[in-house]
Amino acid sequence: MGMIRTWRGAEVEVATSVGGVMALADPWQNLIHGNVKPWPTPELIQKLYQSRQARAFRDSDLAVATRTFGFYSDLQSVHSEDAITWSVFGPIAYSDSETRARFVADLLSLIKVPGGVQDANVWLWRRLPHPDTLVPGGPEIDFGVQTATTFLLGEAKWRSSVGAAQGVERNKDQLTLRREFCSKYGRKLLPAVGQFVVLGVSWRGGVLQHADAGAEGAALHSRDVTWDQITELESHPCSAELRSYVAWKKANSRTD
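Residues numbered from 1 in each chain as written. Predicted model: local features only at pLDDT ≥ 70, side-chain atom pairs only at ≥ 80, totals over all residues. Heavy atoms only, no water.

## Some details on the pairing of strand S6 (residues 150–156)
Within S6, seven of the seven residues are buried, leaving the element largely enclosed by the surrounding structure. Burial along S6 is two-sided: the residues Thr 150, Leu 152, Gly 154 and Ala 156 and Phe 151, Leu 153 and Glu 155 are all buried. Of the strand pairs in this sheet, strand S5 (residues 140–146) and S6 are connected by four bridges, and their pairing is antiparallel. Bridge pairing in S6 places Val 145 opposite Leu 152. Counting the residues that bridge the hairpin from S5 to S6 gives three residues. The pairing of S6 with strand S7 (residues 195–202) spans seven bridges and is parallel. Considered in S7, the bridge of Leu 153 is made with Val 198. (Buried < 20%, exposed > 50% of the residue type's maximum accessible area, 1.4 Å probe, protein only. Helix = DSSP H or I, 4+ residues; strand = E, 2+ residues; numbered from the N terminus. Pairing = 2+ DSSP bridges.)

## Side note on the packing of helix H3 (residues 81–93) against helix H7 (residues 239–251)
The N-to-C vectors of H3 and H7 enclose an angle of 170°; their axes lie 11 Å apart at closest approach. Judged by the angle between their axes, H3 and H7 are roughly antiparallel. Side by side, H3 and H7 meet where Ala 83, Ile 84, Ser 87 and Val 88 of the first sit next to Leu 242, Tyr 245, Val 246 and Lys 249 of the second. (Axes fitted to C-alpha atoms, helices over the stretch in contact; angles between N-to-C directions. Parallel < 35°, antiparallel > 145°, perpendicular 65-115°, else oblique. Contact = heavy atoms within 4.5 Å.)

## Description of the environment of Val 64
With respect to the element layout, Val 64 can be found in helix H2 (residues 59–65). Between the C-alpha atom of Val 64 and that of Trp 7, which follows or precedes it by 57 residues, the distance is 20 Å.

## Quick look at the packing of H3 against helix H4 (residues 97–110)
Packing of H3 against H4 brings their axes to within 9 Å, and their N-to-C directions diverge by 135°. In terms of orientation, H3 and H4 fall into the oblique class. Here Phe 89, Ile 92 and Ala 93 of H3 come into contact with H4, specifically with Thr 99, Arg 100 and Phe 103. In terms of residue class, the contact of H3 with H4 is built from four nonpolar, one polar and one charged. (Nonpolar A, V, L, I, M, F, W, Y, C, P; charged D, E, K, R; others polar.)

## Let's talk about the pattern of salt bridges
Enumeration over the complete set of coordinates arrives at eleven salt bridges. Between Glu 155 and Lys 157 there is a salt bridge, with the nearest N and O atoms lying 3.2 Å from each other. The same class applies to Glu 155 as to Lys 157, namely buried. (Salt bridge = Lys/Arg side-chain N within 4 Å of Asp/Glu carboxyl O.)

## As for the packing of aromatic side chains
Scanning all chains against the criterion turns up 16 aromatic pairs. Seen in terms of ring centroids, Phe 89 and Phe 143 are 3.9 Å apart; in terms of plane orientation they differ by 10°. Their pairing is stacked. Here Phe 89, found in helix H3, pairs with Phe 143, found in strand S5; they are 54 residues apart in sequence, far enough to count as distant. Here the two residues Phe 89 and Phe 143 agree in accessibility, since each one is buried. Linked through ring pairs, Trp 28, Trp 39, Phe 69, Phe 71, Trp 86 and Tyr 94 together constitute an aromatic cluster. The ring centre of Trp 203 lies 4.4 Å from the NZ or CZ of Arg 204, which sits over that ring. Cation over ring: Lys 249 sits above Trp 158, and NZ or CZ is 5.2 Å from the ring centre. (Phe/Tyr/Trp six-rings, centres within 6.5 Å; stacked < 30°, edge-to-face > 60°. Lys NZ or Arg CZ within 6 Å of the ring centre and 35° of its normal.)

## Focus: unusual backbone geometry
Omega for the peptide link from Lys 37 to Pro 38 comes to -5°, which places this bond in the cis form. The omega torsion of the bond from Trp 39 to Pro 40 falls at 0°, within 30 degrees of zero and hence cis. Phi at Asp 119 is positive, roughly 60°, even though this residue is not glycine. In this structure, Asp 119 sits in the loop between H4 and strand S4 (121–127). Asp 119 gets classed as exposed once you look at its relative accessible area, which sits at 60%.

Put into structure tokens, the structure is as follows:
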């Protein structure tokens, strides 16, 4: 256990796992709040489940890691992909319609996907019907963007790799399932949409290869960006804080 300073300059208590990963005692100090009210939001409460990773902490570090809620949540980890996903896309999801539209326009420009931003909506952690079986509770989408003509499914990573051995026959990865959902059912479910996008976001990039294909009369785009590239979008209401946040996260994450 120990103390570190956050990107805001506040001194906070942290626990360190046996593997050297830091976790904040208070998960809310691991997130950008923006002007979102009331706080915390339902999406974040959904993520405050008890983690099996508590077993990675010992003695006084375990006491710190479980102090706030009486259990450890992955949202406390400096490596948490959910924490950075919220910090980037959560404030946008709860912004006014004009702010969302400006950010979505800049994001689509960044990834070179055409499309309007009418009725732009941003959401986090929704599940799709499984593209192999159409049963409920299929892939959890880290973040999504939807406009009148565009439907984007985002996969957020920090240090981890793309999950493999998925699908009914365990021969697909996370991104394949998302592409297949768009190609199989996108136009059936969203007939007005002409641009479907699967976007990988990560620390260093390289999660997904840039590609364009057809999908039942619409375009299906595969794109890849880094968190740094997204934080450079000045249309984000927290853009300056986000740049400090990502730099702080890098400085305090394991790199091996």
